[in-house]
Amino acid sequence: MKDLLDLNNVKAQIIFAQQSQEEETFHQNDLVRLFPYGLSVTTDAARPFLLLKDEAHQYTLPVAVSPIDAGVALSQSNKMTLESSPHKFTALLLQSLGIEIKQAVFVEIKGSHQYLRLYISGHANMNSMKLRADEAMSLCLYLDVPLFATKNFIGRSKVMSTEVESGAQKLQNFGFFDKGSGYLN
């Protein structure tokens, strides 16, 4: 029983069973263009999933985001309220420097994190940068950056999201989330 209650042991066996792979290489015509579709809150409320779909609704990419990024994405998409975003300054700064994010491509999964590569123009020293998707999604949505992934990446992300969700459910069944924490007790 002691082994079952060891959180480090549980995480290693349940949540991160998939080995991470190197950054995907691709050709532009291998990419599927994706659009924001919705938000899914799973049994692990700390890791909501932003759902992206292609135009024909044939492919769905679940993107694990932080609760903060999910909230920002939701508030930015609400057309009934006055436009407000924490990304306004970043957008104005990029514009003033002549830097534009041309596209974002999902390229890697490490553990329970997805990474995307932002392709930029207007910067003297770089043409792309790789970031965790949960740290960049609401900015990409705010800037209307075209989002892409390969079919292979979409499939691997579905496996990752299932593992995260089932791992959270197993931890909940062990009683790890029974005690309240934070300010909402």
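Residues numbered from 1 in each chain as written. Predicted model: local features only at pLDDT ≥ 70, side-chain atom pairs only at ≥ 80, totals over all residues. Heavy atoms only, no water.

Asker: What's the story with the confidence of the model for the protein chain in this structure? I'm lost.
Answerer: Summarising the model, the protein chain shows a mean pLDDT of 78, and 71% of its residues fall at 70 or more. Confidence over residues 1-19 falls short of pLDDT 50; this stretch has 22 contacts with residues more than four positions distant or in other chains. Of the regions scoring below 50 in pLDDT, residues 181-185 engages in one contact with residues more than four places distant in sequence or in other chains. (pLDDT = per-residue confidence, 0-100. Contact = heavy atoms within 4.5 Å.)

Asker: Would you mind showing me how to read the sheet that holds strand β1 (residues 31-40) here?
Answerer: Strand pairing in a sheet relies on backbone hydrogen bonds, with the paired strands running either antiparallel or parallel. Pairing is mixed across the open sheet formed by seven strands, whose spatial order is β3-β2-β1-β7-β4-β5-β6. Each edge of the open sheet is held by one strand with a lone partner, namely β3 (60-64) and β6 (128-132). With direction set aside, neighbouring strand axes in the sheet form an average angle of 35°. Examined bridge by bridge, strand β4 (residues 100-110) and strand β7 (residues 147-150) share two bridges and lie parallel to one another. For Val-105, the partnering residue across the bridge sits in β7 and is Phe-148. (Pairing = 2+ DSSP bridges. Helix = DSSP H or I, 4+ residues; strand = E, 2+ residues; numbered from the N terminus. Axes fitted to C-alpha atoms, helices over the stretch in contact; angles between N-to-C directions.)

Asker: Any chance you could explain the packing of aromatic side chains here in plain terms?
Answerer: What describes a pair of aromatic rings is the distance from one ring centre to the other and the angle between the planes of the rings. This model, assessed by the stated rule, comprises one aromatic pair. Look at Phe-106 and Phe-153: their rings are 5.6 Å apart centre to centre, the planes differ by 35°, and that puts the pair in the tilted class. Separated by 47 residues along the polypeptide, Phe-106 in strand β4 and Phe-153 in helix α5 (residues 151-173) bring together distant segments of the chain. Note on Phe-153: relative accessible area 0%, which makes it buried. The ring of Tyr-115 carries the charged tip of Lys-130 above its face, separated from the ring centre by 5.7 Å. (Phe/Tyr/Trp six-rings, centres within 6.5 Å; stacked < 30°, edge-to-face > 60°. Buried < 20%, exposed > 50% of the residue type's maximum accessible area, 1.4 Å probe, protein only. Lys NZ or Arg CZ within 6 Å of the ring centre and 35° of its normal.)

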